[in-house]
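Each chain is listed here by its residues.
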Protein chains: 4
Amino acid sequence: MGRKKVLTKCEIFEVTKNILKEEGLHGVHFKNISEKLEVGRSTLYEYFSNKDDLLLAYMQNLMKEMNDKVNGIEDDLPPNEKLYHLLLILLEHSQLHQIDQMIRDVQSSNKHAADFYREQLHADLMHTYSLMTNWIEEAKDQRIWKTTIDSSLIGDLMFHSILFPNRDRLGVETMARQLFEMIEKGMVNRSVN
Amino acid sequence: MGRKKVLTKCEIFEVTKNILKEEGLHGVHFKNISEKLEVGRSTLYEYFSNKDDLLLAYMQNLMKEMNDKVNGIEDDLPPNEKLYHLLLILLEHSQLHQIDQMIRDVQSSNKHAADFYREQLHADLMHTYSLMTNWIEEAKDQRIWKTTIDSSLIGDLMFHSILFPNRDRLGVETMARQLFEMIEKGMVNRSVN
Amino acid sequence: MGRKKVLTKCEIFEVTKNILKEEGLHGVHFKNISEKLEVGRSTLYEYFSNKDDLLLAYMQNLMKEMNDKVNGIEDDLPPNEKLYHLLLILLEHSQLHQIDQMIRDVQSSNKHAADFYREQLHADLMHTYSLMTNWIEEAKDQRIWKTTIDSSLIGDLMFHSILFPNRDRLGVETMARQLFEMIEKGMVNRSVN
Amino acid sequence: MGRKKVLTKCEIFEVTKNILKEEGLHGVHFKNISEKLEVGRSTLYEYFSNKDDLLLAYMQNLMKEMNDKVNGIEDDLPPNEKLYHLLLILLEHSQLHQIDQMIRDVQSSNKHAADFYREQLHADLMHTYSLMTNWIEEAKDQRIWKTTIDSSLIGDLMFHSILFPNRDRLGVETMARQLFEMIEKGMVNRSVN
DNA sequence: GATGAATGAGTATTCATTCAT
DNA sequence: GATGAATGAATACTCATTCAT
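Residues numbered from 1 in each chain as written. Chains lettered and ligands numbered in written order. Predicted model: local features only at pLDDT ≥ 70, side-chain atom pairs only at ≥ 80, totals over all residues. Heavy atoms only, no water.

A. Expanded view of the overall build of chain A. A count of helices and strands for chain A gives 9 helices and 0 strands. Ordered by position from N to C terminus, the α and β elements of chain A give α-α-α-α-α-α-α-α-α. In terms of principal-axis extent, the alpha carbons of chain A reach across some 70 × 35 × 30 Å. For chain A, the proportion of its 193 residues judged to be buried stands at 51%. (Helix = DSSP H or I, 4+ residues; strand = E, 2+ residues; numbered from the N terminus. Buried < 20%, exposed > 50% of the residue type's maximum accessible area, 1.4 Å probe, protein only.)

B. Just the arrangement of the chains, in detail. What separates chain B from chain C at the closest point of their C-alpha atoms is a distance of 10 Å, and the two make no contact. What separates chain A from chain D at the closest point of their C-alpha atoms is a distance of 36 Å, and the two make no contact. (Contact = heavy atoms within 4.5 Å.)

C. Structural context of the interface of chain A and chain B. Every contact between the two is made by 37 residues of chain A and, on the other side, 39 residues of chain B. Of the roughly 3,800 Å² buried where chain A meets chain B, counting both sides, 61% is carbon and sulfur surface. Among the residues chain A hides against chain B, the three largest losses belong to Lys146, Leu153 and Met187 of chain A. Together they make up 19% of the total. Among the ionic pairs, Lys146 of chain A bridges to Glu181 of chain B, the shortest N-O distance being 3.7 Å. Mapped by element, the contributors of at least two residues to the side of chain A that touches chain B are helix 5 (99-105), helix 7 (151-160), helix 8 (166-170) and helix 9 (172-185) of chain A. The greatest single-element share of the side of chain A that touches chain B, amounting to 8 residues, is contributed by helix 9 of chain A. (Buried area = accessible area lost by both parts, 1.4 Å probe. Salt bridge = Lys/Arg side-chain N within 4 Å of Asp/Glu carboxyl O.)

D. The arrangement of the relation of the copies chain A and chain B in detail. Taken as rigid bodies, chain A and chain B are interconverted by a rotation of 178° and an axial shift of 0.1 Å, the fit giving an RMSD of 0.5 Å. This pairing of chains is accounted for by a two-fold axis. Nearest to the rotation axis, the C-alpha of Gly186 of chain A is located 1.6 Å from it, this being the minimum over chain A. By residue overlap, the copies meet face to face through one surface: 95% of the interface positions of chain A are interface positions in chain B. (Least-squares fit on C-alpha atoms with pLDDT ≥ 70 in both.)

E. Summary view of the UniProt feature "DNA-binding region" (unreviewed entry) in chain A. Within this structure's numbering, the places UniProt gives as "DNA-binding region" (unreviewed entry) are residues 29-48 of chain A. For residues 29-48 of chain A, the helix share is 40%, the strand share is 0%, and the end-to-end C-alpha distance is 13 Å. (UniProt positions renumbered as here; feature names shortened; annotations may be inferred.)

F. A look at the packing of helix 9 of chain A against helix 9 (residues 172-185) of chain B. Here helix 9 of chain A crosses helix 9 of chain B at 105°, and the two axes come no closer than 5 Å. As the angle between them shows, helix 9 of chain A and helix 9 of chain B are arranged roughly perpendicular. Two secondary-structure elements touch here, helix 9 of chain A through Met182, Ile183, Glu184 and Lys185 of chain A and helix 9 of chain B through Met182, Ile183, Glu184 and Lys185 of chain B. A class-by-class count of the residues in the contact of helix 9 of chain A with helix 9 of chain B yields 4 nonpolar, no polar and 4 charged. (Axes fitted to C-alpha atoms, helices over the stretch in contact; angles between N-to-C directions. Parallel < 35°, antiparallel > 145°, perpendicular 65-115°, else oblique. Nonpolar A, V, L, I, M, F, W, Y, C, P; charged D, E, K, R; others polar.)

G. Fine view of the side chain of Ser94 of chain C. Residue and element names in this part refer to chain C. Summarising the element assignment, Ser94 is placed in the loop between helix 4 (79-92) and helix 5 (99-105). For Ser94, the side chain forms a polar contact with the side chain of Arg167, separated by 2.9 Å. When near neighbours in sequence (up to four residues on either side) are disregarded, Ser94 contacts Ile162 and Arg167. (Polar contact = N/O pair within 3.5 Å; in protein donor to acceptor, adjacent residues only side chain to side chain.)

Below you can see the structure in the form of structure tokens.
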């Protein structure tokens, strides 16, 4: 009695996600997680050996989820369409923006594990990043996109667009559409002359 | 009379800037600041009555510097050129990106002062933001830019571009130029058809 | 489940009482409390969220104890006898004398709780005070006591008698008896003339 | 320009007195003293080698002032009249009530001096105390006062009456008169029967 | 003398983590 | 497993005091 015996990592991730959204990376404490789950604080240690483990695992989980979707993008689409889908997926996983800070912050006591996870996280992130860059290059090679603009700059733009506060106001779909239109066509009003 | 000063607020800001860059907002402690400056920790309290005061003052200082430059933009330039200048100035003040988080985090004990500074910071920030949005609207009104894309989305993009890691690699000038070209003309390769 | 408790709020109150007696209100620190209890300093925070909470809780506890006894005084006794009982109870709760200073000093971070407790403390104190004053007035109304002497002056006297250092030497009972005799009959030697 | 060159111990005592009244013993800091005097904090060290020195000197000064008045009481008055005068003088020097706490608190680094002053303070205090007790005994010996009530209890009462909050409301004279009437004649209403 | 600057020692508080049941 | 209890390490902050000019 008390609480249901089954506490799952999934539930912990869910709560973590909410706290992360509401209070940011440094607002995540085992204290508030356990309170929200109505579980003893130390119970969390049965699931994660320390705080950083939890965060890393959470991020990795998120990353995996996202990577699965990314890998689901049909490979034979034109590169700019693939990039549009990628942008949409990124916007749907806005929590990712903390990953960068986390990779720096995390200083687990269990150095080995932490470093391992950290590197893997970084690798996962880089995977998406380079996928994106590749597709941009592809678009350039196929003469769909111009070559005068640095590919990784576009990459940065797409990746950081998850931070735009207006995402919530516009909605993910609209934002993706408009942003992609701007990326491709630019702001200049061609209907005029 | 009195001992010679070995420390200035300016030096403290300098160190703060570096720590902020290297370790993020939550990496700033009076401990590491004082260590880097090779002064006693309590000495810092002679300059700022607490940590939040320091951070707020730092941000305000930065903000003022930036606002001065922004206000120096000639008013009778076409809106898109003004926006280009604004983008350049933003990129030169990339530390600003923590301002948002700070405004939330900071809860100084000296409530009065803190609230005052916080509001002023926010006002300063909004000033720049709305200037930017106004110019975007102006560009739309003058039919220079198209109206199909949300103005604040462009605002977000410009503001968040200070976060792009490739800024350091490309250099501020190049990045501004390329980014602005993309914003205006888009990626589509028109030389082809 | 869970480790066995080695510490109770009661024990903390006990130690607090001793420190309060020996070193006064400002001699109370979590450091010396924890040392006397031979527990880690932070352990105390599991019981009271901060120092002021502890002090307020301590005082409230004391107050409650005393009020219970005060309320046990039979209402249909003559007012002067009721006052005698009250004096006795006050003398048995001499730690109360710090309450006044505390009510001023305490500025808990948990403003809400602190203000609430503070007000309640003050209310409890006033309750006793006004009970005392009422009984004095009653004694005057019933012509048992003379009216030429300010009632609250007697109140002050009774309340502050808990501070008399000779309380320890004489013992509470003796002191109460003698003091009350003096209050009622005065020092003048009537057996002479 | 700046401040008048002459800062006197007297001015420092004056400010100390006010702070002591408004904020209590632990509200006295060199910081606020120097601020109220519009003097540099370290300047105070030209006058007193440390905080405790200041407090001890202040108390001693007060004590001396009071003792002078006490010694001015004509020796050939009846003991109860002498006690009345003493009570009046005590009430006029209510700041004395902190002396007790101070004697405990003060832990100067200059142990020698501190102990010396402390002892002297204590001696001065005891002088008055024993003078008071002597006169009470005298009153008993002369059959003016009854012997059934402990002399030092009356001493405590008179000494602690300086703490009664109603002192401010009633005024020193009235309070002394009423209190002394009660001490001598008691509260019992003799005009009745 | 006077004072601005610097500092050390002490306390409060938070939180991840370990331990015993 | 689950959990309540205990704790150490780290940081914020205050204030008396010393030092150099």
